[in-house]
Amino acid sequence: MSKAKSYSIEIEEGTLQTITVDYIDPSTGLPIDLTSYTAHFTAKVPGTLPIVLDKTNLNGGLVINPHAGEITIVFRTEDTLGAAWDQLEYNLTVDLGGATDKVMKGLVSIMR
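Structural notes, computed from the coordinates.

Rules of the game
- Residues numbered from 1 in each chain as written.
- Predicted model: local features only at pLDDT ≥ 70, side-chain atom pairs only at ≥ 80, totals over all residues.
- Heavy atoms only, no water.
- Helix = DSSP H or I, 4+ residues; strand = E, 2+ residues; numbered from the N terminus.
- Rg over C-alpha atoms; globule rule 2.2 N^0.38 Å.
- Buried < 20%, exposed > 50% of the residue type's maximum accessible area, 1.4 Å probe, protein only.
- Contact = heavy atoms within 4.5 Å.
- Areas by Shrake-Rupley, 256 points an atom, 1.4 Å probe, with all protein chains shown as cover.
- Lys, Arg positive; Asp, Glu negative; His and termini not counted.
- Charge placed at Lys NZ, Arg CZ, Asp CG, Glu CD.
- Polar contact = N/O pair within 3.5 Å; in protein donor to acceptor, adjacent residues only side chain to side chain.
- Phe/Tyr/Trp six-rings, centres within 6.5 Å; stacked < 30°, edge-to-face > 60°.
- Pairing = 2+ DSSP bridges.
- Core = buried A, V, L, I, M, F, W, Y, C linked by side-chain atoms within 4.5 Å.
- Axes fitted to C-alpha atoms, helices over the stretch in contact; angles between N-to-C directions.

## Details of the overall build of the chain
Here is step 1: Assigned secondary structure in the chain consists of 1 helix and 9 strands.
Here is step 2: In terms of C-alpha radius of gyration, the chain reaches 14 Å, essentially the compact-globule figure of 13 Å for 112 residues.
Here is step 3: Projecting the C-alpha coordinates of the chain onto the three principal axes gives extents of approximately 40 × 25 × 25 Å.
Here is step 4: Scored against the burial criterion, the 112 residues of the chain give a buried share of 37%.
Here is step 5: Intrachain contacts of the chain at a sequence separation of at least 6 include 61% that bridge at least 24 residues.
Here is step 6: Counting only carbon and sulfur atoms, one obtains 53% of the accessible surface of the chain, whose full area is about 6300 Å².
Here is step 7: Distance between charge centroids for the chain: 6 Å, based on 8 positive and 14 negative side chains.

Written out as C-alpha cells, the structure reads:
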C-alpha cells in the first residue's frame, strides 16, 4: 500500500523502551484498522543474514492497537544489555492474508 518510511531508532543499553508507529492511509490521512493484521519487526547486523531481533504481535514483541492503527515496538532490557552489536538494520511490516506492506525501515542503535 505504501512506501516504507525511514526512521532511525536509538535505544539506551539495558533499558525498557517502546516506540509507537502510526499506520496511516496516505490517501485519507486516517489510521488503518489493523484488526486481524500481524505485525513483524526484524533486525539484523548490516551486511549479514541472521536475524538478531524478531518481534511480532504474536510473540509479545509488538503490540497492536487495531482501531487506532498503532503498532508499538517493545525493546526489552535483554534485547540490548550486553549485546554484541551496536547497530542493526530493521524492517517493520504488516500482513493480512498473505499481503505484506512495509511500514517502516531504518537503523536501530544502542546508546552505551
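So much for the structure itself; the text now carries on.
## So, the side chain of Thr56
Here is step 1: With respect to the element layout, Thr56 can be found in strand E5 (residues 51-56).
Here is step 2: A polar atom in the side chain of Thr56 sits 3.0 Å from the backbone nitrogen of Leu58.
Here is step 3: Each residue touching Thr56, except ones within four places of it in the same chain, is listed here: Ala39, His40, Gly61 and Leu62.

## Side note on the side chain of Lys55
Here is step 1: Within the element layout of this structure, Lys55 appears in strand E5.
Here is step 2: For Lys55, the side chain forms a polar contact with the main-chain oxygen of Val74, separated by 2.8 Å.
Here is step 3: If we skip the residues at most four places from it in the chain, Lys55 touches Ala39, His40, Phe41, Gly61, Leu62, Ile73, Val74, Phe75, Arg76 and Asp79.

## Considering the packing of aromatic side chains
The description of an aromatic ring pair rests on the distance of the ring centres and on the angle between the ring planes.
Here is step 1: Taken as a whole, this structure holds 2 aromatic pairs when the rule is applied.
Here is step 2: An aromatic cluster is defined as three or more aromatic residues linked by ring pairs; in this entry it consists of Phe41, Phe75 and Tyr90.

## Observations concerning the pairing of strand E4 (residues 38-44)
Here is step 1: Across 7 bridges, the pairing between E4 and strand E8 (residues 87-96) is antiparallel. Paired with Thr42 across the bridge in E8 is Asn91.
Here is step 2: Note that E4 and E5 share 5 bridges and pair antiparallel. Across the sheet, the residue bridging to Thr42 is Asp54, located in E5.

## Some points on the nonpolar core
Here is step 1: Ile9, Phe41, Ile73, Phe75, Leu92, Val94 and Met104 are the most contacted members of the largest nonpolar core, which totals 27 residues.
Here is step 2: Only strand E2 (9-12), strand E3 (17-22), E4, strand E6 (62-65), strand E7 (70-75), E8 and strand E9 (99-111) provide two or more residues apiece to this core.
Here is step 3: With near-sequence residues (within four places) excluded, Val94 lies in contact with Tyr23, Leu34, Tyr37, Thr38, Ala39, Ile71, Ala99, Thr100, Asp101 and Val103.

## Notes on the sheet that holds E3
Here is step 1: Spatially, E3-E7-E6 is the arrangement adopted by the 3 strands of the open sheet, whose pairing is antiparallel. Each edge of the sheet is formed by a strand with only one pairing partner; in this case those strands are E3 and E6. When strand polarity is set aside, the average angle formed by the axes of neighbouring strands in this sheet is 20 degrees.
Here is step 2: Direction of pairing for E3 relative to E7: antiparallel, over a ladder of 6 bridges.

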